[in-house]
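Listed below, chain by chain, are the residues.
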Amino acid sequence: MLLDTASLYFRAYFGVPESVRAQDGTPVNAVRGLLEFIDRLVRDHRPDDLVACMDADWRPQWRVDLIPSYKAHRVARETTTGPDEEEVPDTLSPQVPVIEEVLDALGVARVGVEGYEADDVIGTFTGRATGPVDIVTGDRDLYQLVDDKRGVRVLYPLKGVGTLQLTDEAWLRERYGVDGAGYVDLALLRGDPSDGLPGVPGIGEKTAAKLLAEFGDVAGIMAAVDDPRARLTPSQRRRLDEARPYVSVAPKVVRVAGDVPLPAVDTALPRAPRDPAALDALAARWGLGGSLTRLLSTLGS
């Protein structure tokens, strides 16, 4: 089981009231909410391995070099010494280091790699997996990894993590008309304002799905632009032709990396805390209470 950790703690932050605080009044809603998410996921799915995948770089320069608008609207402050700072709610930012310390004390593998997003870490772990993989994320970009033959599916939270959309190839075909591999082409044609991806103007989701059904993939669609016999409307032909510079680079931006240099890490689901003393101190300092107690009970059962 691979966790898109930031996606989940953002959901926890907005789903658990900010009135959930430590004794000194510091909000810990994201911390406790994430622990409750992990508890429910482990209870319901019993993974053999669990990895909390992290954004060491939420906006990698190699993606920005290809499409400068990539996530540009989410930059809070540009830096010259490392990744730009992401716009994050003021009361969430201080909780992220606490989340990291708690996961480390629990013994949950936590992996982030410089120059890559969590999506890329997830993509590389998935590619190397020798058995089924469940990816837990609120980011539809990871639908591209769904692969029935390899047992790779996405668990997409609809309400907390108690109600999950189990995304397999049948669901993707019914919803979007593509399989996992085809989702990259659909996404780059449609665009994604939340990631600053412009898409091809005038080509929405339904049109993109129809074009992919007709021509197979983006390469086939662009070949059709040059074929006067191909069934494209004049407007579609013109817009696709004008979008060639974008279409030529977008696949590398949208497709998750599969070659991230992952560190050696023990991914086995912990049965007991790696550092009980540190965990006790964190629990006392941040008032983690029943959220942590229930997770420890689940891990030990």
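Throughout what follows, the structure given in this document is the object of discussion. (Residues numbered from 1 in each chain as written. Predicted model: local features only at pLDDT ≥ 70, side-chain atom pairs only at ≥ 80, totals over all residues. Heavy atoms only, no water.)

1. Here's the deal with the pattern of salt bridges
Piece 1. Per the counting criterion, the structure on display carries 20 salt bridges.
Piece 2. Across the pair Arg-294 and Glu-36 runs a salt bridge whose closest N-O atoms are separated by 3.6 Å. On the criterion of sequence distance, the pair formed by Arg-294 in helix H13 (residues 289–300) and Glu-36 in helix H2 (residues 29–45) is long-range, its members being 258 residues apart.
Piece 3. A relative accessible area of 44% means that Arg-294 is categorised as partly exposed. (Salt bridge = Lys/Arg side-chain N within 4 Å of Asp/Glu carboxyl O. Helix = DSSP H or I, 4+ residues; strand = E, 2+ residues; numbered from the N terminus. Buried < 20%, exposed > 50% of the residue type's maximum accessible area, 1.4 Å probe, protein only.)

2. Concerning unusual backbone geometry
Keep in mind that most residues, glycine aside, have a negative phi and that most peptide bonds are trans.
Piece 1. A positive phi is found at Arg-46, a non-glycine position, where the angle reads about 45°.
Piece 2. With respect to the element layout, Arg-46 can be found in the loop between H2 and strand E2 (51–53).
Piece 3. On the basis of relative accessibility, which here comes to 38%, the residue Arg-46 falls in the partly exposed class.
Piece 4. At Lys-71, a residue that is not glycine, the phi angle is positive and equals roughly 55°.

3. Some remarks on the environment of Asp-147
Piece 1. With respect to the helices and strands, Asp-147 occurs in the loop between strand E6 (133–136) and strand E7 (152–159).
Piece 2. Residues Asp-147 and Asp-179 lie 32 residues apart in sequence; the distance between their C-alpha atoms is 8.0 Å.
Piece 3. Beyond its immediate sequence surroundings of up to four residues, Asp-147 is in contact with Val-152 and Glu-169. (Contact = heavy atoms within 4.5 Å.)

4. Points about the packing of aromatic side chains
Piece 1. Inspection of the entire model under this criterion finds nine aromatic pairs.
Piece 2. Centroid distance Tyr-143 to Tyr-176: 6.3 Å. Interplanar angle 50°. Geometry classified as tilted. In this pair, Tyr-143 is assigned in the loop between E6 and E7 and Tyr-176 in helix H6 (residues 169–176), connecting sequence segments 33 residues apart.
Piece 3. Ring geometry for Trp-171 and Tyr-176: centres 6.0 Å apart, planes at 70°, overall edge-to-face.
Piece 4. For Tyr-176, a relative accessible area of 5% translates into the label buried.
Piece 5. An aromatic cluster is present here, built from Tyr-143, Tyr-156, Trp-171, Tyr-176 and Tyr-183 joined pairwise through their rings.
Piece 6. For Arg-11, the ring lying beneath its charged end belongs to Tyr-156, and the centroid distance is 5.3 Å. (Phe/Tyr/Trp six-rings, centres within 6.5 Å; stacked < 30°, edge-to-face > 60°. Lys NZ or Arg CZ within 6 Å of the ring centre and 35° of its normal.)

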